[in-house]
Amino acid sequence: MDNAEKNGRTNLLIIQPYLTAYRLPVFTELAEDWDVTIVSSVPQGESGYGTPDITGSGIREHILVPEYQIFGGRLLWQSRLIRILWHTRPDKILCAANPRNLGFWCVMLLSRMIGVQFYSWGQGMYNKLIPPRWLRYTYRILIAFSTRYICYTPSVANSLPGLLPASKLAVVNNSIVSLEPVLPEEKTGQETGILFIGRLREGNNLSLLIDVIEQFRSQGPEFDLTLHVIGSGEELPGLMNRFGSLSWIVWYGQIYDQGEINKISRLCSIGCYPGDAGLSVVHYMALSLIPIVHDRADRHMGPEPSYVVDGVNGYTFNYSNPVSSLLEVFIDVFGSNNRKNLMMNAWKTYMELTSPSLAKRMKIAMSQDE
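This section reports on the structure supplied with the text. What you see is a predicted model; the values in this text were computed from it and never measured.

1. Things to note about the overall build of the protein chain
Then, number 1: Within the protein chain, the secondary structure is distributed over 13 helices and 15 strands.
Then, number 2: In terms of overall dimensions, the protein chain is globule-like: its C-alpha atoms have a radius of gyration of 21 Å, near the 21 Å expected for 370 residues.
Then, number 3: When its C-alpha atoms are laid out on the principal axes, the protein chain stretches across 70 × 45 × 40 Å.
Then, number 4: Residues classed as buried in the protein chain amount to 53% of the 370 residues present.
Then, number 5: Sequence-distant contacts in the protein chain: of pairs separated by 6 or more residues, those separated by 24 or more amount to 70%.
Then, number 6: Working note: accessible area of the protein chain is about 16500 Å², and carbon and sulfur atoms make up 52% of it.
Then, number 7: Of the side chains in the protein chain, 32 bear a positive and 34 a negative charge, and the two mean positions are spaced by 9 Å.

Here's what the structure looks like:
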C-alpha cells in the first residue's frame, strides 16, 4: 500500500536540475495538500544558485543525486532517478523538461509503462526562431508521452504550434513571489538607483550596463545614478577586478533576505538585466521597478522577459546596438515624468502573474486528468 492509499493524499515526485531558493516556496505550497518528494542535483561550482534547506517546509524529502555531463555537456545524466521512482511509487511526477537529460527520457518512458501521470514542465522552443526538424520531432515525442506539457509562458505554447492537440498543453505563467514586495504608492518615481538582481554568470552582460551608466553620468551632476548589484557567481571576481573601485556601484553579493532586498530596491526606480534575462524581470516588477531587457526573445535565458511590453510596463533596448540603444532608454526614462505610471503597470503585471499563485495554477494543470 503506497502513501496515497494510506492517507488519501496525492504522492508527487518533483524532479529538477537544482532546488533553488525561489522555487522552494512553490513546492512548499504544493506540500500543503500533496505529499512532495524533490529530487535534484548539487549546483556546479560558483553558480550562484545556493542550496536551500527544506526544514519546516512540509516537504517529505529532498534527495540529492549526481549529475554527469556526457559528450562535453551536450547530454546530461541524473543518476538514480529510476530507482527513486520505483521506491517512492508516486501518483504524479512533475519533471523539468530538458530534452538533453537522458534521465528525463528514462523516467518519462517508465512512467508511461507503469501508469504514473507524468507532467513535463519547460520552455519549449521559445529560443528557436526556426526550429530544426529534428527538434520539432523531439518535442512531438516528448509531448506525446507526457500526460501534459506545462508551458512556462504563452510564448512557449506559441513555439509549439501544430505538434499535437492543444489539449496536451497547459500554460502556467512562470513567476516568483516576493515575500517583501514594494507597492508603487510606496515610491516617488524619482529614485535615482538602478538595481541588478541575478546570478553573475556568463551572459549577464553587467559590464554593458556599467559602461552605459558611466556614459549617462558623464553628461552632468544631475545624471548622478547609482547601480546596486545583488548576486554572486563565477563572473564576480572578474567584475570586481574591473569595476570594484567605482564609487557609484554598490556590491551586495548574494542576498536571500527578502526584507534586505526590499530595502535596497527602495533606492531604485529601474531594474535592468542587460544580458540574457529570466525570472529577474518578475522580481523587478514585484518591487515596483521599471524592468529593462534587450529585445531578442530567442536569446534570453528564459521566456519570462516576454512579460515586458516596451513603453507600457517596462522598456526593451536593441540587442544588435546595445550601448546607444540602452543609453537612449535611460535618457527617455529619466527625462520624462512617466516613471510612476510605468511602475504601476509593472506592479499590475506582477499581480496578474501571481494571483492565483504558481503552486495553485500548477495543481490545476496537474489535476485535469483525474
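2. Observations regarding the pattern of salt bridges
Then, number 1: In the structure shown here, the tally under the stated rule is six salt bridges.
Then, number 2: The salt bridge involving D33 is made with K363; its shortest N-O contact spans 3.2 Å. Highlighted residues: D33 in the loop between α2 (24–30) and β2 (35–40) and K363 in helix α13 (residues 358–365), separated in sequence by 330 residues.
Then, number 3: With a relative accessible area of 42%, D33 lands in the partly exposed category.
Then, number 4: The class of K363 is partly exposed, set by a relative accessible area of 22%.

3. Some words on a nonpolar patch on the surface
Then, number 1: On the surface, W86, M113 and I114 cluster together into a nonpolar patch covering about 360 Å² of accessible area.
Then, number 2: Inspection of the secondary structure assignment puts I114 in helix α4 (residues 102–114).

4. Thoughts on the layout of surface pockets
Then, number 1: By volume, the second largest pocket is sized at about 170 Å³.
Then, number 2: If you trace the second largest pocket, you find it lined by Y22, P25, V26, T28, E29, S175, I176, V177, L179, S357, L358 and A359.
Then, number 3: Contributing elements (two or more residues each) for the lining of the second largest pocket: α2 and α13.
Then, number 4: Among the elements that make up the lining of the second largest pocket, the one with the highest residue count is α2 (four residues).
Then, number 5: Taken together, the residues of the lining of the second largest pocket sort by class into eight nonpolar, three polar and one charged.

5. Comments concerning the pairing of strand β8 (residues 148–151)
Then, number 1: Along β8, one buried face is formed by R148 and I150 and the opposite face, lined by Y149 and C151, is buried too.
Then, number 2: Sheet topology places strand β7 (residues 117–122) next to β8; four bridges connect them, and they run parallel. Across the sheet, the residue bridging to Y119 is R148, located in β8.
Then, number 3: Chirality of the crossover, the property in question, places the unit of β7, helix α5 (residues 133–145) and β8 among those that are right-handed.

Quick notes on the rules
- Residues numbered from 1 in each chain as written.
- Predicted model: local features only at pLDDT ≥ 70, side-chain atom pairs only at ≥ 80, totals over all residues.
- Heavy atoms only, no water.
- Helix = DSSP H or I, 4+ residues; strand = E, 2+ residues; numbered from the N terminus.
- Rg over C-alpha atoms; globule rule 2.2 N^0.38 Å.
- Buried < 20%, exposed > 50% of the residue type's maximum accessible area, 1.4 Å probe, protein only.
- Contact = heavy atoms within 4.5 Å.
- Areas by Shrake-Rupley, 256 points an atom, 1.4 Å probe, with all protein chains shown as cover.
- Lys, Arg positive; Asp, Glu negative; His and termini not counted.
- Charge placed at Lys NZ, Arg CZ, Asp CG, Glu CD.
- Salt bridge = Lys/Arg side-chain N within 4 Å of Asp/Glu carboxyl O.
- Patch = residues over 30% accessible without salt bridge, like charges linked within 9 Å, V, L, I, M, F, W, Y side chains within 5 Å.
- 1 Å grid on protein atoms, 1.4 Å probe; cavity = no way out; pocket = protein on both sides within 12 Å on 5 of 7 lines; lining within 4 Å.
- Points joined across faces, edges and corners; volume = space filled by probe spheres on them.
- Nonpolar A, V, L, I, M, F, W, Y, C, P; charged D, E, K, R; others polar.
- Pairing = 2+ DSSP bridges.
- Right-handed = clockwise from strand over helix to strand, strands pointing away.

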